[in-house]
Amino acid sequence: MNLVDELLAEQQNMKAAAGTFADWHDSHDTPALEKYYRNLIPLTKPGSGEQYAFQVDLDVCSSCKACVSACHNLNGLDDHETWRDVGLLYGIGTDEPAVQTVTTACHHCADPGCLNGCPVMAYDKDPETGIVRHLDDQCIGCQYCILKCPYDVPKYSKKKGIVRKCDMCHSRLSAGEAPACVQACPNEAIQIVKVTREEIEARAKETRRLVAGAFDSSYTLPSTRYLSNRVDGEKLRPADAYKIHLEHTHWPLVIMLTLTQAAVGMTVVESFHRSFGLGNSWEWLTALAVFHLGLIASILHLGQPLKAWRVFLGLRTSWLSREVIGFGMLPPILLTVSALDWLPMLERFRVFGAGIAAAGAFMGLLCVFCSVMVYADTRRPFWNLPRTAGKFFGSTLVAGLAGSQIFQPSTMAYAILCIALVVKIAGELAFLRHARAGEWSPDKKSALAILGPLRGVLIGRLALAVTGAALCGNVSLTAVGAMCILFGELAERYLFFRAVTAPKMPGGI
Amino acid sequence: MKPLADFMEPLLRAWTGPLTSELVQTPGKFGLGRVPERLKPDATVHSVCGYCSTGCSLKVHLRDGEAINLSTNADYPVNIGMACPKGWEALTPLTAPDRGVTPLVRDKGRTQPVDWEAALRVFVSRVRDVQTRHGKESVAFLSTGQIATEEMAFLGVLAKFGMGMLHGDGNTRQCMATAVTAYKQSFGFDAPPFTYQDFEESDVLVFVGSNLCIAHPIMWQRVLRNRNNPEIIVIDPRRTETAMNSTQHVALRPKTDLTLLYGLANLLIRMGAVKREFVDVSTTGFDAFAEFVAGYTPEKVSETTGLEIAQLEKVAGIIATGKRVSFWWTMGVNQGHEATRTAQAIINIALMTSNIGRPGTGANSVTGQCNAMGSRLFSNTTGLLGGHDFLNPEHRAKVAGVLGIDEALVPTQNSLAYDQIVAGIESGRIKALWIIATNTAHSWIHQNSFRELRKKLEFLVVQDMFYSTETAEMADLYLPAAAWGEKDGTFINSERRIGRIRQVSKAPGIALSDFRIFRLIADAWGCGEMFKEWTSPEAVFRVMQKISVGQPCDFSGIEGYEMLEREGGMQWPLPPGAKPEKQRRLFEDGKFYHPDQKAKFLFESPRPIAEETCANYPFVLLTGRGTSSQWHTQTRTGKSDVLRKLYPKECYVEMHPEDAAKLAIGENRRVIVRSRRGKLTATAFLTATVSRGQVFIPMHYATTNQLTYADFDPYSRQPSYKYCAVSIERADG
């Protein structure tokens, strides 16, 4: 064998390499690190009314970020997946220069937003430990928990089609071992402690937020406690406070919301017509088709659509659950109306058509209301109730009127369409004034996002609306006009998702 | 209702299943505690981390002999069960897609994969050709602090004694050449005196130009384990993470540290803090030093440094009353235009207050790279193997004797330093270059000039684990190297601890360890005979032990690799018969390595900065480590998704809010930073952690060193990365 071959063989021979001095004995059952973390976890399980919580001493955190990678390795997460994040707080102004790293994972809230929002009960707050666990095999991948959590905790895996998140290493804790992050912190900055719900509530009231820049604690009652005596928290701001970050588009949701609202709008206009005996069976059929296209789009949003049958489980607390159930009940009603319209054998029941249509339209409006609440319930300012309701019901009216112009053009309806469109767009544009606000706020960031990186979409949105309105006035071009208006609303909804400022823990530079 | 709910629950809620089982944990044994069932190891080994000089021991989880996961070694005396995120992610770069899997030869601008035989033919014929036409000395090598000591020794002996090269230096020139020179001149040998235990035993810790919290987080762990409620003095122009943790932040003007230290020495003398007995017995030159620093009055020092006199007095008072004062410095000192004298000014204070040789004391250089200390002793570049001297005939004879080679093969003159080799390319003196495991095209100061110089080289060989580094992409011949984790050997850490690195993974393709590449080259060159005993890293380790005999670093008492595994590494010196304790410091007997066994007080007047700010370039640019998750030019840390999440993606510049306001630069605005040598675009981050008139850019971004000014310390030839003049303007005009 020549030297090259010999050395190549040597390089690939792992037996020789690892065989020497390796620890082959599996006799060490006690974790070797136990002696270091013994005092960092409670000796006993939480008593009644108590739960486990993270306690982070910011004064000794040196910014090494080992907690993030230790969590990654010891939990065997995917390459890009991290359940712990770190961010930075910086001193405001010039008097007291300061920099403070903040490590953060799930706060195992007393009133978890994720759990309340989940439509399939894929979250469980363990009655003994208070740990908020995610049931990976229950998850349908709707990602609503991501929108609901004000701390950006659940992480979606496209590959797996589900979200996952920190479970406080519940399996380790139950075996008397410390969570990975606690084990790995060189400075003993992270501990597990026991707290009562009363303490969590009192702290939420007293300090309002976990750290500078974090969301109002009264929303979910996070259990984590950050200790800091070194710097005045009031004089800090997150390093990413001024960073414009575009959120995920969620295309299926953009399409679903726009189409279902357009369809509901058409049923409303059409049932109004029907109450005067002026029904148009083609218009209803079109609304039916548009509605179903929206539903198909929504299914594409799910990572695990086959598990979606459990969606009724969350009815008690989840607006998403209610929305989906509502959407599920609508098709039979809409179909019945069309069946009555089209099937000769049902002709004798046709008298009920107008009534059922009205019921369907009303039901549809309730669904739109549920859609509104899905977003308003996330407490994101850009999605607050009046704004979201204005947009969603506005789209319902505008697209519904535009759609019905195709089938039953009317000057009156056209006038209402134009006025509604002007009012809606005026509202959207008025929001942009926040860009000039002196104080930084989520609204200012949203407005800057629309005027900055999303400017092209905004211009497109306006152009489509104006063109659509103009074309709808021309009897031969109403179909094109209605499409323009629909796409204009689609663009509005795109901005709705991308420009929202999602609350989160402090991020990096 | 309850029974019904209980009955329905399992039907409706999936508590188990294939997705849940991915994360299910099980006792991992081997002292690991619970691990994911999927990643349960069947053996573990310990290996010292390949990033920084802290030298943490990592616990690699193996299955069928190959690494599947990694955690920390709970009982190693260095890191006591901890690691920073780079260590935790140490295995990730091994599987990066841009690993070199085969040698590449550039042919008419295109690179072609070739086998080792062909690569070796190209290497030998091209290098020989250049040497024939321009002389043997026209070929030089640039080495690294990132490979095993055994590999460094192999490279140094092969290049200089085998191939007849005269000039070779390492990237360690960029990080600790200053400490080497300062120690050599002051103590008589390059000997960082401390052990990490000293962090825990001090009652006063003084950090000069060191952001230990993020550059050496696991050393900071030791500071926090200090139970003496110590005073922590941080001397740094920026309010760094470490400064945040200080009890006294001394925010001096950049590069006025030498004046400050002389001023402190003067105050200490005035306060009567000099330990005369120690000074008389163990040092020389104190009286001249005292006379010299008398001119550094608090008023003068205050004016130069911008510090209040009260703070100077307070700091001096803390040092004077401290019982165990330790001084720690890193790149803020080493990378300066008068770095050696600055380091020696620190040493002087430690000497005069007798803060050396006792627990919790010392003038201590914290090194940068994982094996910078190995390179200092065995790279055979600017010093002869084992801390010997090329200029000393006895040393040459001794080394040649141990190696069994003709003494005439050992050069009788010193190598050029890194910057002089680069200058040699410019002047035509150097015609071919062999670069091993370093990214010169990114890291060298004033990097634009290096890119130009590439064109003047007739032949450039780059040996690296990645074919994609800025430097490898310029190469005529690329040799694919196995990485840390794919080879065996030893590293020496900052506290002189020799520790083991272990092969836990195969190398990709036909990549080979640097050790094996050197064996092949020696064989192809025709000097294989010289290395006939050098068949394994441990065999070379034994050769190095023999060379160390009689030197201050003598570690011939180490029984072999097995002992290093058993004892948790071993600090040098360990002469035969010495007691192998876990923590050992130098100079406990007050004897130094100069012939008179005394340490020297060395000093010199500060000299002006080479590129002062002016109307056109009104800001001082400071550079340094950005976060603990970034390493040097990011060729490895940039390959980990996890680490990438932990640092800012885009280049940013920290500037003071008032400076920004004057230039109408708002938060997060894009700005252009310009020096006389280049410009870059960055996002402005406004913070008072930098002072007015100063800006800070992390060194990891490829563009940073297009701005820096190539000034050098005259003794250590280390570049001054920490000061140059720049201007800032809004990118949108």
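Residues numbered from 1 in each chain as written. Chains lettered and ligands numbered in written order. Predicted model: local features only at pLDDT ≥ 70, side-chain atom pairs only at ≥ 80, totals over all residues. Heavy atoms only, no water.

Within chain A, the regular secondary structure consists of 18 helices and ten strands. Seen along its three principal axes, the alpha-carbon backbone of chain A occupies a region of about 85 × 65 × 60 Å. Scored against the burial criterion, the 509 residues of chain A give a buried share of 59%. Within chain A, contacts between residues separated by at least 24 positions form 71% of all contacts whose residues are at least 6 apart in sequence. Split by element, the accessible area of chain A, about 20700 Å² in all, is 63% carbon and sulfur. Where the 48 positive side-chain charges of chain A centre and where its 46 negative ones centre are 6 Å apart. (Helix = DSSP H or I, 4+ residues; strand = E, 2+ residues; numbered from the N terminus. Buried < 20%, exposed > 50% of the residue type's maximum accessible area, 1.4 Å probe, protein only. Contact = heavy atoms within 4.5 Å. Areas by Shrake-Rupley, 256 points an atom, 1.4 Å probe, with all protein chains shown as cover. Lys, Arg positive; Asp, Glu negative; His and termini not counted. Charge placed at Lys NZ, Arg CZ, Asp CG, Glu CD.)

Here the focus is the overall build of chain B. Across its full length, chain B carries 27 helices and 28 strands. Relative to the 2.2 N^0.38 estimate, which gives 27 Å for 733 residues, the radius of gyration of chain B is 26 Å and therefore close to what a compact globule would have. C-alpha extents for chain B along the principal axes are approximately 95 × 70 × 65 Å. For chain B, the proportion of its 733 residues judged to be buried stands at 67%. Within chain B, residue pairs in contact and separated by at least 24 positions form 72% of the contacts whose partners lie at least 6 positions apart. For chain B, the exposed surface amounts to about 23600 Å²; the carbon and sulfur share of it is 51%. (Rg over C-alpha atoms; globule rule 2.2 N^0.38 Å.)

With that settled, consider unusual backbone geometry. Of note, the bond from Trp572 of chain B into Pro573 of chain B is cis; its omega dihedral lies within 30 degrees of zero at 0°. Along the chain, Pro573 of chain B falls in the loop between strand E21 (570–571) and strand E22 (599–600). Its identity is not glycine, yet Arg208 of chain A carries a phi of approximately 65°, on the positive side. Mapped onto the elements of the fold, Arg208 of chain A is located in the loop between helix H9 (197–207) and strand E9 (225–227). By relative accessible area, which is 47% here, Arg208 of chain A ends up partly exposed. Even without a glycine there, the phi angle at Lys29 of chain B is positive, about 60°. Locating Lys29 of chain B in the fold gives a position in the loop between strand E1 (25–27) and strand E2 (34–36).

Taken as a whole, this structure holds 65 salt bridges over all chains when the rule is applied. We note a salt bridge from Arg133 of chain B to Asp129 of chain B, for which the minimum N-O separation is 3.0 Å. In this pair, Arg133 of chain B and Asp129 of chain B are both assigned in helix H4 (residues 116–134), four residues apart and thus about one turn of the helix distant. Asp129 of chain B gets classed as partly exposed once you look at its relative accessible area, which sits at 35%. Overlapping salt bridges, with partners in common, bring together Asp78, Glu81, Lys159, Lys160 and Arg164 of chain A together with Glu22 of chain B in one network. (Salt bridge = Lys/Arg side-chain N within 4 Å of Asp/Glu carboxyl O.)

What follows deals with the side chain of Gln51 of chain A. Residues and elements named next belong to chain A. Within the secondary structure, Gln51 is located in strand E1 (residues 50–57). Reaching out from Gln51, the side chain makes a polar contact with the side chain of Ser223 at a distance of 3.4 Å. Those residues in contact with Gln51, other than ones at most four positions away along the chain, are Pro46, His108, Cys109, Ala110, Lys125, Thr129, Gly130, Val193, Lys194, Val195, Ile200 and Ser223. (Polar contact = N/O pair within 3.5 Å; in protein donor to acceptor, adjacent residues only side chain to side chain.)

Turning to the nonpolar core, a few remarks are in order. Within the largest apolar cluster, 134 residues are counted, with the highest numbers of intra-cluster contacts made by Phe123, Leu158, Phe161, Trp329, Leu403, Trp434 and Trp572 of chain B. Judged by nonpolar contacts, the second largest core, of 75 residues, contains Val153 of chain A together with Ala74, Tyr652 and Ala684 of chain B. (Core = buried A, V, L, I, M, F, W, Y, C linked by side-chain atoms within 4.5 Å.)

Residue and element names in this part refer to chain B. Where helix H11 (residues 257–270) contacts helix H17 (residues 339–352), the two axes come as close as 9 Å, and the packing angle between them is 15°. Compared by their axis directions, H11 and H17 come out roughly parallel. In terms of crossing hand, the pair formed by H11 and H17 is left-handed. Residue-level contacts link Asp257, Leu258, Leu261, Tyr262, Leu264, Ala265, Leu268 and Ile269 of H11 to Arg341, Thr342, Ala345, Ile346, Ile349 and Met352 of H17. Residues that form the contact of H11 with H17 fall into these classes: eleven nonpolar, one polar and two charged. (Axes fitted to C-alpha atoms, helices over the stretch in contact; angles between N-to-C directions. Parallel < 35°, antiparallel > 145°, perpendicular 65-115°, else oblique. Left-handed = near helix turned anticlockwise from the far one by under 90°. Nonpolar A, V, L, I, M, F, W, Y, C, P; charged D, E, K, R; others polar.)

The next subject is the packing of helix H5 (residues 149–162) of chain B against helix H24 (residues 537–548) of chain B. Residue and element names in this part refer to chain B. Running from N to C, H5 and H24 point in directions that differ by 75°, and their axes come no closer than 9 Å. Accordingly, the angle class assigned to the pair H5 and H24 is roughly perpendicular. For the pair H5 and H24, the contacting residues are Thr149, Glu150 and Ala153 in the first and Pro537, Val540, Phe541 and Met544 in the second. Taken together, the residues that form the contact of H5 with H24 break down as five nonpolar, one polar and one charged.

Once that is clear, we can look at the interface of chain A and chain B. At the junction of the two partners, chain A supplies 88 residues and chain B supplies 101 residues. Surface buried jointly by chain A and chain B totals about 7900 Å² across both partners, of which 58% is contributed by carbon and sulfur atoms. Counting across the chain A and chain B interface gives six salt bridges. Glu10 of chain A serves as the salt-bridge partner of Arg516 of chain B, at 2.9 Å between the closest nitrogen and oxygen. Ranked by the residues each element gives to the side of chain A that touches chain B, the list is headed by helix H1 (residues 3–12) of chain A, at eight residues. Considered class by class, the residues forming the side of chain A that touches chain B number 42 nonpolar, 23 polar and 23 charged. (Buried area = accessible area lost by both parts, 1.4 Å probe.)

Time to look at the state of the cysteines. For the structure shown, the criterion picks out zero disulfides over all chains. With no disulfide of its own, Cys109 of chain A has Cys106 of chain A as its nearest cysteine by sulfur position, at a separation of 6.2 Å. Judged by its relative accessible area of 8%, Cys109 of chain A falls in the buried class. No disulfide involves Cys553 of chain B; its nearest neighbouring cysteine sulfur is the one of Cys175 of chain B, lying 18 Å away. (Disulfide = S-S within 2.5 Å.)

What follows covers the sheet that holds strand E3 (residues 43–48) of chain B. All names here are of chain B. Within the open sheet, the three strands sit side by side as E3-E4-E5. Their pairing is antiparallel. Of all strands in the sheet, those with a lone pairing partner are E3 and strand E5 (66–72), marking the two edges. Taken pair by pair, the neighbouring strands of this sheet meet at an average axis angle of 35°, ignoring direction. Across six bridges, strand E4 (residues 57–63) lies against E5 in antiparallel orientation. (Pairing = 2+ DSSP bridges.)

This paragraph deals with the sheet that holds strand E24 (residues 652–655) of chain B. All names here are of chain B. Strand order in the closed barrel made by the six strands is E23-E27-E24-E26-E25-E28, with mixed pairing throughout. Between one strand and the next, the sheet's axes are offset by a mean angle of 45°, whatever the strand orientation. Bridge count between strand E23 (residues 619–624) and strand E27 (residues 694–698): five bridges; the pairing is parallel. Following the sheet pairing, Gly624 is matched in E27 by Pro698.

Attention now moves to the side chain of Ser69 of chain A. Its place among the elements puts Ser69 of chain A in helix H4 (residues 66–74). Filtering out sequence-adjacent residues up to four positions away, Ser69 of chain A remains in contact with Pro85, Trp88, Glu89 and Val642 of chain B.

In this section: a nonpolar patch on the surface. All names here are of chain A. A cluster of nonpolar side chains, contributed by Trp282, Trp342, Leu343 and Met345, occupies part of the molecular surface with about 470 Å² of accessible area. With respect to the helices, strands and loops of the structure, Trp342 is situated in helix H12 (residues 319–342). What makes Trp342 partly exposed here is its relative accessible area of 35%. (Patch = residues over 30% accessible without salt bridge, like charges linked within 9 Å, V, L, I, M, F, W, Y side chains within 5 Å.)

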